[in-house]
Amino acid sequence: MITVYLACLAMGLVGIVGTLVVGEVGGDVGAGDGTDTGLPLLSLTTAATALFGFGAGGAVSVLAGAHAIVAVLAAAACAIALVTLTRGVLLPLLLRQQANSHISRQHYVGQLGTVTLAITPGQWGEVVFTDPEGNRVRGQAVSTEPDTLPVGAAVYIGDVDDKHLHVVAIPPEESSDSALHQ
């Protein structure tokens, strides 16, 4: 019986370490409409945390000499407690701290940038700009412009989502002297 709990403990540990190294796989963090509350409850991290808790609670119970039914109940209680602690207490604190630590992508709206990788219609490219704190930022950008935005084109960041900056081309400014020469 101890081998089952140790296997759960090991699989949970591998899952937790894997999500720390690689990150969550598949699915977005949220809808991108400002209603994001964190990662979904049924995620790889949650499953790995539950497995780890189940294995740890069961292994400790068996090593303490508990009956099999008591060990299973203790394992389940430990899994529920660990998931509740990490998802219900720690994650909201981390998300709140993250929101206060750095400027959010929403602060990029209104910034002017330069295309560094051409943005073709229906595809993404790259822009570089300076954020409100003065940091140079590179980001994937898309545009609804009908023509390709070439490298070096000036753009305005009109919106952001989880993956892309939505940019609009800024027409080249004509100097007042050019109107006099025509």
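Residues numbered from 1 in each chain as written. Predicted model: local features only at pLDDT ≥ 70, side-chain atom pairs only at ≥ 80, totals over all residues. Heavy atoms only, no water.

Please clarify how the sheet that holds strand β1 (residues 112–117) should be interpreted in this entry.
The mixed closed barrel is built from five strands, whose spatial order is β1-β2-β3-β5-β4. Put simply, the sheet's adjacent strands are angled 55° from each other on average, direction ignored. The pairing of β1 with strand β2 (residues 125–130) spans four bridges and is antiparallel. Pairing of L117 across the sheet is with E126, part of β2. (Pairing = 2+ DSSP bridges. Helix = DSSP H or I, 4+ residues; strand = E, 2+ residues; numbered from the N terminus. Axes fitted to C-alpha atoms, helices over the stretch in contact; angles between N-to-C directions.)

Honestly, the pairing of β1 in this entry has me stumped. Any pointers?
In regular strands, side chains alternate between the two faces of the sheet. The pairing of β1 with strand β4 (residues 154–160) spans three bridges and is antiparallel. Its bridge partner being in β4, G113 is matched across the sheet by V155.

Help me out: how do you make sense of the packing of helix α1 (residues 2–21) against helix α2 (residues 44–63) in this one?
A pair of packed helices can be characterised by two numbers: the angle between their axes and the separation between those axes. Between α1 and α2, the least distance of the axes is 7 Å, while the angle of their chain directions is 150°. On the basis of the axis angle, α1 is roughly antiparallel to α2. By crossing handedness, the relation of α1 to α2 is classed as left-handed. Each residue belonging to the contact of α1 with α2 can be placed in one class, and the counts come to 17 nonpolar, seven polar and no charged. (Parallel < 35°, antiparallel > 145°, perpendicular 65-115°, else oblique. Left-handed = near helix turned anticlockwise from the far one by under 90°. Nonpolar A, V, L, I, M, F, W, Y, C, P; charged D, E, K, R; others polar.)

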